[in-house]
Amino acid sequence: MRSFSVTTVMVVSFVSAGVMTFSQSIGFILGANIGTTITAQIIDFKITKYALAMIAAGFLIETLPNEGKRDITEPC
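Here goes a summary of the coordinates provided.

Calculation rules
- Residues numbered from 1 in each chain as written.
- Predicted model: local features only at pLDDT ≥ 70, side-chain atom pairs only at ≥ 80, totals over all residues.
- Heavy atoms only, no water.
- Helix = DSSP H or I, 4+ residues; strand = E, 2+ residues; numbered from the N terminus.
- Buried < 20%, exposed > 50% of the residue type's maximum accessible area, 1.4 Å probe, protein only.
- Areas by Shrake-Rupley, 256 points an atom, 1.4 Å probe, with all protein chains shown as cover.
- Expected span 1.5 Å × (residues − 1).
- Contact = heavy atoms within 4.5 Å.
- Patch = residues over 30% accessible without salt bridge, like charges linked within 9 Å, V, L, I, M, F, W, Y side chains within 5 Å.
- Salt bridge = Lys/Arg side-chain N within 4 Å of Asp/Glu carboxyl O.

## Section: the overall build of the protein chain
Along the backbone of the protein chain there are 3 helices and 0 strands. Of the regular secondary structure in the protein chain, the N- to C-terminal order runs α-α-α. Taken across its 76 residues, the protein chain has 7% of its residues classed as buried. Of the roughly 6,600 Å² of accessible surface on the protein chain, 69% is carried by carbon and sulfur atoms.

Okay, structure coming up:
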């Protein structure tokens, strides 16, 4: 079973048990499907030419000051 299939089964069970709402479950299911798709694309495309640039971009994003950026972990 793929990871998104396992995630979907678990989330549907949580909704059935009343642990999560249907609206909350949509984000989990979509996130699992998008994550699986992106992972497959990364493996399929030859990204070794761009690996150093992506690492540098990730480093810069993490180290730059986050003034004016909204914390995505905080509820709206």
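## Structural notes on helix H2 (residues 22-44)
Under the 1.5 Å per step criterion, the end-to-end length of H2 is 33 Å for 23 residues, consistent within 8% with the ideal 33 Å. Among the residues making up H2, those that are buried are Ser-25, Ala-32 and Thr-36.

## Overview of the side chain of Ser-25
When you line up the elements, Ser-25 lands in helix H2. Take Ser-25: its relative accessible area is 3%, and that puts it in the buried class. Apart from the residues within four sequence positions on either side, Ser-25 is in contact with Val-11, Val-15 and Met-20.

## Thoughts on a nonpolar patch on the surface
Together, Phe-22, Ile-26, Leu-30, Ile-34, Ile-38 and Ile-42 give the surface a local cluster of nonpolar side chains, amounting to about 580 Å² of exposed area. Along the chain, the position of Leu-30 falls in helix H2.

## A short note on the environment of Val-12
Mapped onto the secondary structure, Val-12 falls in helix H1 (residues 3-17). As a C-alpha pair, Val-12 and Ile-29 span 17 residues in sequence and 9.2 Å in three-dimensional space.

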